[in-house]
Amino acid sequence: EPAETVYRMCEEMLRNVERHAGAQRLQVRLARGPDGGVELEIADDGVGFEAGADATGHYGLVGLAEQAEAIGADLEIASSPGAGTCIRLRWARREIAAAL
């Protein structure tokens, strides 16, 4: 189910913040997008990482990308060393309707 997949992805994102970020602040936002879709955003002020680097060995990030693809969602990861991380997951209205 897409809804359960999104829930599990959110859990993984929060686990990554807990284990790796060293963050002081965390923001979780769930909102309807301008196109009627849904966007989940998790942002932290932690240590960040080089987002464009090879993901080999980073199974959590690889798994998130695979799960997003499986439900037809877009996954965007923005991060840089010392600047925290922001992960956005967007899925269209048609995927939501299919999940209901």
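Model, not experiment: these values are computed from the prediction.

J.: Outline the overall build of the protein chain, supporting the account with residue identities and numerical values.
T.: For the protein chain, the helix and strand inventory stands at three helices and four strands. Its helices and strands taken in sequence order, the protein chain reads α-β-β-α-β-β-α from the N to the C terminus. The proportion of buried residues among the 100 residues of the protein chain is 36%. In the protein chain, 59% of the contacts between residues at least 6 apart in sequence involve partners at least 24 apart.

J.: Help me get a handle on a nonpolar patch on the surface, residues and values and all.
T.: Together, Leu14, Leu26 and Val28 line one region of the surface with nonpolar side chains, adding up to about 240 Å² of accessible area. Relative to the helices and strands, Leu14 is located in helix 1 (residues 2-21). Using a relative accessible area of 32% as the deciding quantity, one classes Leu14 as partly exposed.

J.: Give me the lowdown on helix 1, citing residues and values where you can.
T.: The first and last C-alpha atoms of helix 1 sit 27 Å apart over 20 residues, in line with the 28 Å expected at 1.5 Å per residue. Listing the buried residues of helix 1 in full gives Thr5, Val6, Met9, Cys10, Glu12, Met13, Asn16, Val17 and Ala21. Down the axis of helix 1, the smallest arc covering the buried residues is 160°, so these residues share one side. Relative to its buried face, helix 1 has exposed residues pointing more than 90 degrees away, namely Ala3, Tyr7, Glu18 and Arg19. Directly after helix 1, the chain includes Gly22, whose backbone phi takes a positive value near 60°.

J.: I'd like a rundown of the pattern of salt bridges, residues and numbers included.
T.: Following the criterion strictly, the structure yields nine salt bridges and no others. Linking Arg15 and Glu12 is a salt bridge whose minimum nitrogen-to-oxygen distance equals 3.1 Å. Taken as a pair, Arg15 and Glu12 lie in helix 1 at a separation of three residues, close to a single helical turn. For Glu12, a relative accessible area of 17% puts it in the buried group. Each of Arg29, Glu39, Glu41, Glu76, Arg88 and Arg90 takes part in one network of salt bridges that share partners.

J.: Can you explain the pairing of strand 2 (residues 38-44)? Please cite residues and give values.
T.: Successive residues of a regular strand alternate their side chains across the two faces of the sheet. Taking burial as the measure, the seven residues of strand 2 include seven buried ones, the bulk of the element. Both faces of strand 2 are covered, namely the face carrying Val38, Leu40, Ile42 and Asp44 and the face carrying Glu39, Glu41 and Ala43. Of the pairings in the sheet, the one linking strand 2 to strand 4 (residues 85-91) comprises seven bridges and is antiparallel in character. Among the inter-strand pairings, Ile42 is bridged to a residue of strand 4, identified as Ile87.

Cut-offs and rules
Residues numbered from 1 in each chain as written. Predicted model: local features only at pLDDT ≥ 70, side-chain atom pairs only at ≥ 80, totals over all residues. Heavy atoms only, no water. Helix = DSSP H or I, 4+ residues; strand = E, 2+ residues; numbered from the N terminus. Buried < 20%, exposed > 50% of the residue type's maximum accessible area, 1.4 Å probe, protein only. Contact = heavy atoms within 4.5 Å. Patch = residues over 30% accessible without salt bridge, like charges linked within 9 Å, V, L, I, M, F, W, Y side chains within 5 Å. Areas by Shrake-Rupley, 256 points an atom, 1.4 Å probe, with all protein chains shown as cover. Salt bridge = Lys/Arg side-chain N within 4 Å of Asp/Glu carboxyl O. Expected span 1.5 Å × (residues − 1). Arc of directions from axis to C-beta. Pairing = 2+ DSSP bridges.

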